[in-house]
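Descriptive structure summary
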Amino acid sequence: MSSVFDLKIKVKPEHIDVLGHVNNVVYVQWMQDVASAHIETLGVGLDQYLEMKHAMVAVEHHVQYRKAAMLDDDVILRTWLYEINALYSFRQYAFFNAKDHSLLFTGNTKWACIEIASGRPKRMSPTFIQAYQPIDPGIDPFDLSSII
């Protein structure tokens, strides 16, 4: 079983759109950023993908924008794995304002395992399956009480 993974970032001017808040596409980039940081901590990151000659690629995103993030806000990017099978892993995201813990964004991604050289689907190796375990069902990923 794995746990939640948090990455804290500060909203920068380049994240802001003409409406004065974080642009929608930035949240999708943050999904990629926090997922990449998480897999590195699990020991099966980008370097290992290249060594094993297969990788996980996003095939489907679902997103929900809940509240705007603004310039200089500190944001907690939280992610966790919630399901895995031979070809796919499923990851969820919840982004919070660090100051008041308000929920800014939720999303999920379906990731597929592919052979890098061909781009074709490939069954996940035992290395992937062992590392990409779903979150313990007793953990509430929306509980920020452990964050000061």
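Residues numbered from 1 in each chain as written. Predicted model: local features only at pLDDT ≥ 70, side-chain atom pairs only at ≥ 80, totals over all residues. Heavy atoms only, no water.

Moving on, we come to the pairing of strand S3 (residues 74–84). Both strand S1 (residues 5–10) and S3 contribute to a ladder of six bridges, which runs antiparallel. Along S3, the bridge assignment pairs Ile9 with Val75. Bridge analysis of S3 against strand S4 (residues 88–97) gives nine bridges, and the strand direction is antiparallel. Directly across from Leu81, in S4, lies its bridge partner Arg91. Here S3 folds back onto S4, and the loop between the two strands holds three residues. (Pairing = 2+ DSSP bridges. Helix = DSSP H or I, 4+ residues; strand = E, 2+ residues; numbered from the N terminus.)

Turning to the side chain of His38, a few remarks are in order. Within the secondary structure layout, His38 lies in helix H1 (residues 24–42). The contact partners of His38, leaving out residues within four places of it in the chain, are Ser3, Phe5, Thr79, Leu81 and Arg91. (Contact = heavy atoms within 4.5 Å.)

For the structure on display, the rule yields three salt bridges. A salt bridge links Lys10 to Asp74, with the shortest nitrogen-to-oxygen separation between them at 3.1 Å. A residue pair is termed long-range when its members are at least 10 positions apart, and Lys10 in strand S1 and Asp74 in strand S3 qualify at 64 residues. Here Lys10 falls in the partly exposed class, since its relative accessible area comes to 40%. The partly exposed category is assigned to Asp74, whose relative accessible area is 29%. (Salt bridge = Lys/Arg side-chain N within 4 Å of Asp/Glu carboxyl O. Buried < 20%, exposed > 50% of the residue type's maximum accessible area, 1.4 Å probe, protein only.)

Let us look at the packing of aromatic side chains. In total, this model carries 14 aromatic pairs according to the counting rule given. Ring centres of Tyr65 and Phe105 lie 5.5 Å apart, and the angle between their planes is 55°; on these two criteria the pair is classed as tilted. Within this pair, whereas Tyr65 is found in strand S2 (residues 54–65), its partner Phe105 is found in strand S5 (residues 103–115), the two being separated by 40 residues in sequence. For Phe105, a relative accessible area of 0% gives the class buried. Taken together, Tyr27, Trp30, Tyr65, Tyr93, Phe95 and Phe105 form an aromatic cluster joined through their ring pairs. Geometry around Tyr88 places Lys110 over its ring, the cationic atom sitting 4.2 Å from the centre. (Phe/Tyr/Trp six-rings, centres within 6.5 Å; stacked < 30°, edge-to-face > 60°. Lys NZ or Arg CZ within 6 Å of the ring centre and 35° of its normal.)

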